[in-house]
Amino acid sequence: MALGLLKSIRVGLQKGAAGCTALHGVTASCQCRSDAKRPPSPGPQQHHRSRAKRSVSIAPEKVHDKTYLWARYREMKKLVYDLLPPGVCSLLNPATIYANNEISLGDVEIYGFDYDYTLAHYSSFLHTMIFNKAREILLEQYKYPKGIKSYEYIPSFAIRGLHYDVQKSLLMKIDAFHYIQSGTAYRGLQPVSDQEVIEMYGGTQHIPLHQMSDFYGKGPIVKQFMDIFSLPEMTLLSCVNDYFITHNIEFDPVHLFKDVTDSIKDVHVKGMMYQWIEKDMEKYILNGDETYAILNRLANSGKKLFLITNSPFSFVDKGMKHMVGKHWRELFDAVIVQADKPSFFTDRRKLASCLLIKALQETG
């Protein structure tokens, strides 16, 4: 958020911005008066930073002096860099951060957090461990060919948000209008040409809505991988497909998909991942100091905080104590674990249970 602010001010200067208004410290926005369209967000990540209690002068509505604007940019840059923990600015690329110029976080009174990959950020070692263990399960429990053991995890192969056509064994990127993006389709570890993709889908790159799954992959034909834990799953799926294709072995794509996803699921459900992290938190958990700084600043500013996660309490408790300290629960107004999202948000029974527990706690 903070580096996005600097980016928005810089863009305003380059496009001949008419003025820059500071909104509550670091949540400043640059109101560019040009007709150019705002560039789309380059990625899903947003880095939220708490607002500082500092008085910042408000610039006049109409300013044409670029000297003044550059001075304001340098002023805000110094303020932002003073607020961020040491070393953070060198780790982030401002070009990959989308600056939201419409929302003042100072007006937000309630902040909700997931645990995994929101409060707790994990190192790349974890994905490798998940991939290796699921591959081992495929070999030992499902009796897949031993040759699959030669495949290693490829960190750069997949990104979050890709779709997988279960029956065609095709991993691809589909846009918001249900069109397969050119040059993004892979079968196994090899790219599939756009012309071949068009032929596979009856002369079009459009996927009908009734074939698409929802965001959490409940559709019968095309699944979307939405969370970061899906990266080793997509890679393993592509590796297993690649082995059967390159060795000319016939296979049932639906059963292959189910076997791989069940193997990945076992790693999570049977608690293997939790055990790895709990045994070596220094190796797997990153940026704990930043998590503490953000939560502490929000709580001290009078904001309401809640945590909702699918992970068990014992795992979350150990991780939060590692990052924040033994009194971490005092920062939150509500903590919900083993929530079984996303059904938690649509199942009225689960919501009623949470309200009942809260009422019992308040009454003693």
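Summarised in this report is the structure supplied together with it. Note that the structure is predicted; figures quoted are calculated from it, not measured.

Some points on the overall build of the protein chain
Thinking step 1. Along the protein chain, the regular secondary structure elements total 12 helices and 12 strands.
Thinking step 2. Looking at the 364 residues of the protein chain, the share that counts as buried comes to 42%.
Thinking step 3. In the protein chain, the proportion of contacts linking residues at least 24 apart, taken out of those at least 6 apart, comes to 71%.
Thinking step 4. Summed over its atoms, the accessible surface of the protein chain is roughly 20,300 Å², and 54% of this surface lies on carbon and sulfur atoms.

Some words on the packing of helix α4 (residues 124-140) against helix α6 (residues 230-246)
Thinking step 1. Where α4 contacts α6, the axes come no closer than 9 Å and their chain directions differ by 45°. On the basis of the axis angle, α4 is oblique to α6. Note on packing geometry: the crossing formed by α4 with α6 is right-handed. Contact residues: His127, Ile130, Phe131, Ala134, Arg135 and Leu138 in α4; Leu231, Pro232, Thr235, Leu236, Cys239 and Val240 in α6.
Thinking step 2. Partitioning the contact of α4 with α6 into residue classes produces 9 nonpolar, 2 polar and 1 charged.

Some words on helix α7 (residues 253-269)
Thinking step 1. With 17 residues, α7 should cover 24 Å at 1.5 Å per step; its first-to-last C-alpha distance of 24 Å lies within 8% of that length.
Thinking step 2. Within α7 the residues assigned to the buried category are Pro253, Leu256, Phe257, Asp259, Val260, Thr261, Ser263, Ile264, Asp266 and Val267.
Thinking step 3. Phi turns positive, to about 80°, at Gly271, one or two residues after α7.

Concerning the packing of α7 against helix α8 (residues 272-279)
Thinking step 1. Where α7 contacts α8, the axes come no closer than 4 Å and their chain directions differ by 50°. Accordingly, the angle class assigned to the pair α7 and α8 is oblique. Across from Asp266, Val267 and His268 in α7, the residues of α8 making contact are Met272, Met273, Tyr274 and Trp276.

Notes on the pattern of salt bridges
Thinking step 1. A complete count under the given rule lists 11 salt bridges for this structure.
Thinking step 2. Between Arg72 and Glu75 there is a salt bridge, with the nearest N and O atoms lying 2.7 Å from each other. Of this pair, Arg72 and Glu75 are both found in helix α2 (residues 66-83), 3 residues apart, which corresponds to roughly one turn of the helix.
Thinking step 3. Exposure remark for Arg72: the relative accessible area of 3% places this residue in the buried category.
Thinking step 4. By relative accessible area, which is 37% here, Glu75 ends up partly exposed.
Thinking step 5. In this structure, Arg135 and Glu152 form a salt bridge, with 3.8 Å as the shortest nitrogen-oxygen distance. Highlighted residues: Arg135 in helix α4 and Glu152 in the loop between α4 and β5 (163-165), separated in sequence by 17 residues.

Here's the deal with the side chain of Thr291
Thinking step 1. Topologically, Thr291 is positioned in helix α10 (residues 288-300).
Thinking step 2. Assessed through its relative accessible area of 7%, Thr291 is described here as buried.
Thinking step 3. Excluding residues that lie within four positions of it along the chain, Thr291 makes contacts with Leu119, Met323 and Val324.

Thoughts on the packing of aromatic side chains
Thinking step 1. Tallying each qualifying case throughout the model produces 15 aromatic pairs.
Thinking step 2. Relative to Phe315, the ring of Tyr115 has its centre 5.8 Å away and its plane inclined at 85°; by these criteria the two rings are edge-to-face. One end of the pair, Tyr115, is in the loop between β3 (110-113) and β4 (121-122); the other, Phe315, is in helix α11 (residues 313-323), and 200 residues separate them in sequence.
Thinking step 3. Their ring planes at 80° and their centres at 6.0 Å tell us that Tyr243 and Phe244 sit as a pair that is edge-to-face. Phe244 shares its class with Tyr243; the two are buried.
Thinking step 4. One aromatic cluster is present, built from ring pairs that chain together Tyr144, Tyr243, Phe244 and Phe251.
Thinking step 5. The residue whose ring lies beneath Lys283 is Phe125, and the NZ or CZ to ring-centre distance is 5.1 Å.

Conventions adopted
Residues numbered from 1 in each chain as written. Predicted model: local features only at pLDDT ≥ 70, side-chain atom pairs only at ≥ 80, totals over all residues. Heavy atoms only, no water. Helix = DSSP H or I, 4+ residues; strand = E, 2+ residues; numbered from the N terminus. Buried < 20%, exposed > 50% of the residue type's maximum accessible area, 1.4 Å probe, protein only. Contact = heavy atoms within 4.5 Å. Areas by Shrake-Rupley, 256 points an atom, 1.4 Å probe, with all protein chains shown as cover. Axes fitted to C-alpha atoms, helices over the stretch in contact; angles between N-to-C directions. Parallel < 35°, antiparallel > 145°, perpendicular 65-115°, else oblique. Left-handed = near helix turned anticlockwise from the far one by under 90°. Nonpolar A, V, L, I, M, F, W, Y, C, P; charged D, E, K, R; others polar. Expected span 1.5 Å × (residues − 1). Salt bridge = Lys/Arg side-chain N within 4 Å of Asp/Glu carboxyl O. Phe/Tyr/Trp six-rings, centres within 6.5 Å; stacked < 30°, edge-to-face > 60°. Lys NZ or Arg CZ within 6 Å of the ring centre and 35° of its normal.

So far we have only geometry, and geometry alone does not tell us how the molecule works.
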